[in-house]
Amino acid sequence: MNNSAPNKDGLIITNPTELQVSAQLYTWLVLVAEKRDKQAFTALFQFFAPKIKGFGLQRLGCHDKANELLQETMSNVWRKAHLYDGDKGAATTWVYTVMRNACFDMLRRIKAKNEQLLGDDIWPVDQAQDEAITESVSFKDHLMEKHMLTHINSLPELQQTVVKGVYYQSLSQEQLAQQLEVPLGTIKSRLRLALAKLRQQMGDDYHD
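A quick note: this is a predicted structure, and the numbers were derived from the prediction, not measured.

Asks: Explanation requested: the packing of helix H2 (residues 38-60) against helix H3 (residues 63-80) in the structure shown.
Replies: The angle between the axes and the distance between the axes are what describe a pair of packed helices. Where H2 meets H3, the axes come as close as 8 Å, and the angle between the chain directions of the two elements is 140°. Considered as vectors, H2 and H3 are oriented oblique to each other. In the packing of H2 onto H3, the handedness of the crossing is right-handed. Seen from H2, the contacting residues are Lys 38, Phe 41, Leu 44, Phe 45, Phe 48, Ala 49, Ile 52, Lys 53, Phe 55, Gly 56, Leu 57 and Leu 60; seen from H3, they are His 63, Lys 65, Ala 66, Asn 67, Leu 69, Leu 70, Gln 71, Thr 73, Met 74 and Trp 78. Here the contact of H2 with H3 is built from residues that sort into 14 nonpolar, five polar and three charged.

Asks: Can you walk me through the packing of helix H1 (residues 18-35) against H2 in this structure?
Replies: Closest axis-to-axis distance for the H1/H2 pair is 8 Å, and the angle between their directions is 135°. Relative to H2, H1 is oriented oblique. Here H1 and H2 pass one another in a crossing that is left-handed. Here Val 21, Leu 25, Trp 28, Leu 29, Leu 31 and Val 32 of H1 lie close against H2, whose contacting residues are Ala 40, Phe 41, Ala 43, Leu 44, Phe 47 and Phe 48. Split into classes, the residues belonging to the contact of H1 with H2 amount to 12 nonpolar, no polar and no charged.

Asks: Before we go on, may I ask you to explain the pattern of salt bridges in this structure?
Replies: If the charged atoms of two oppositely charged side chains come close together, the side chains can form a pair. With the rule as written, the count across this model stands at four salt bridges. Across the pair Glu 72 and Arg 109 runs a salt bridge, and its minimum N-O distance is 3.2 Å. Of the two residues, Glu 72 sits in helix H3 while Arg 109 sits in helix H4 (residues 91-122), which places them 37 residues apart along the sequence. Note that Arg 108 is salt-bridged to Asp 105, the shortest N-O span being 3.0 Å. You can see Arg 108 and its partner Asp 105 sitting in helix H4, three residues apart, about one turn around the helix. By relative accessible area, Arg 108 is classed as exposed at 51%. Since its relative accessible area comes to 26%, Asp 105 is described here as partly exposed. Taken together, the shared-partner salt bridges connect Lys 65, Glu 68, Glu 72 and Arg 109 into one network.

Calculation criteria
Residues numbered from 1 in each chain as written. Predicted model: local features only at pLDDT ≥ 70, side-chain atom pairs only at ≥ 80, totals over all residues. Heavy atoms only, no water. Axes fitted to C-alpha atoms, helices over the stretch in contact; angles between N-to-C directions. Helix = DSSP H or I, 4+ residues; strand = E, 2+ residues; numbered from the N terminus. Parallel < 35°, antiparallel > 145°, perpendicular 65-115°, else oblique. Left-handed = near helix turned anticlockwise from the far one by under 90°. Contact = heavy atoms within 4.5 Å. Nonpolar A, V, L, I, M, F, W, Y, C, P; charged D, E, K, R; others polar. Salt bridge = Lys/Arg side-chain N within 4 Å of Asp/Glu carboxyl O. Buried < 20%, exposed > 50% of the residue type's maximum accessible area, 1.4 Å probe, protein only.

Below, the structure written as structure tokens:
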């Protein structure tokens, strides 16, 4: 049996024991951290790839997402290898922590995207655009008057931001959603509520 221990250059060992594997992974990770060693990183990638893809397939449900998790995890390993402290845990523990954090970030992005799609379903884009145009025409003259700003400033802050963005800064609802990092449906809902409150506040003046 040829069980050779890892040397200082991080060469691959044959028929390794569990202890030798742990030592080898530690060596590779240190080489990446201290010398940006691409050969060591490739070895780490080959070792962890099937494990990360298996985890990703289980948690994310498809091969494309699993491959994305693999790429994101190992990219983070390359960038953050200097943060690894061998005294606090094994290399596998650290890499799997990086993997779980990357997976959490992906799930959060997927959830945010689904919420945006749900918002669009509840408040259809075409309908919202038609109503926004109608409201814009109705409010055009009023928004040019100074006292209108007083009414707007009495709105909740989040609704103020949307009204001022659309009518004073000429931003589209999509641009506001990107700037505020909220779903498009949320912007539409805030605008609709704000215009309803302004109509109520202005009373008969709204129909002049």
